[in-house]
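Observations on the model geometry
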Amino acid sequence: MTIDRQAAMQAAASVPGLPRDGDGPVFREPWEARAFAMALALHARGLFTWPEWADALAKQIKRAQAEGDADTGETYYKHWLATLEYLVAEKNVAPQNELHRYRDAWDHAADRTPHGQPIELTPEDFS
């Protein structure tokens, strides 16, 4: 997966708390980079501004902390995914129930996929 470096640096400068080093954002797992890339793509398409994203992300993190998230940094990109789901539903890009349907299908597909193999959705994953 390729991430536009200029867009990544703009996001890193615009979103407080983003894990980064001198070269830009850093990721511990490939899925974190994918979550970041999804946010970049939706921003590039005009779904939200970086200040709007930062506000929604901050609210998501506060909500998670109130529910017991220890905020050790390990859940940071889980908050990105939750924020993506929220904004996509809030902006009527996709209804919340459709997002949950696909998330559940993805979880089902991931459970049946051997480690190291690509995850592919099938119609059975939506059952």
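Residues numbered from 1 in each chain as written. Predicted model: local features only at pLDDT ≥ 70, side-chain atom pairs only at ≥ 80, totals over all residues. Heavy atoms only, no water.

1. Description of the pattern of salt bridges
Quick note on the threshold: Salt bridges are defined as contacts in which a side-chain nitrogen from Lys or Arg sits within 4 Å of a carboxyl oxygen from Asp or Glu. Only DSSP runs of H or I reaching four residues or more are called helices, and only runs of E reaching two or more are called strands; each is numbered from the N terminus. Per-residue accessibility, obtained with a 1.4 Å probe over protein chains only, is compared with the maximum for each type, and a residue is labelled buried under 20%, exposed over 50%, and partly exposed between these values.
Applying the stated criterion across every chain yields a total of 6 salt bridges. Residue Glu52 is joined to Lys91 by a salt bridge in which the shortest nitrogen-to-oxygen separation is 2.6 Å. Residue Glu52 is found in helix H3 (residues 50-66), and its partner Lys91 is found in the loop between helix H4 (76-90) and helix H5 (96-112); the two are separated by 39 residues along the sequence. Residue classification places Glu52 among the partly exposed positions, given a relative accessible area of 28%. Lys91 gets classed as partly exposed once you look at its relative accessible area, which sits at 33%.

2. Digging into the environment of Leu87
Under the convention used in this document: Here, residues are in contact when the closest pair of their heavy atoms is within 4.5 Å.
For Leu87, the location among the structural elements is in helix H4. For Leu87 and Ala56, which are 31 residues apart along the polypeptide, the C-alpha to C-alpha distance reads 7.9 Å. Those residues within four positions of Leu87 in sequence are excluded, and the remaining contacts are Phe48, Glu52, Trp53 and Ala56.

3. A short note on the packing of aromatic side chains
Convention followed: Each aromatic pair joins two rings of Phe, Tyr and Trp (for Trp, the six-membered one) with centres within 6.5 Å, and gets the label stacked for planes under 30 degrees apart, edge-to-face for over 60, and tilted for any other angle.
Following the criterion strictly, the structure yields 10 aromatic pairs and no others. Geometrically, the ring pair formed by Phe36 and Trp80 is tilted, given 5.4 Å between the ring centres and 45° between the ring planes. With Phe36 in helix H2 (residues 30-44) and Trp80 in helix H4, this residue pair connects regions lying 44 residues apart in the sequence.

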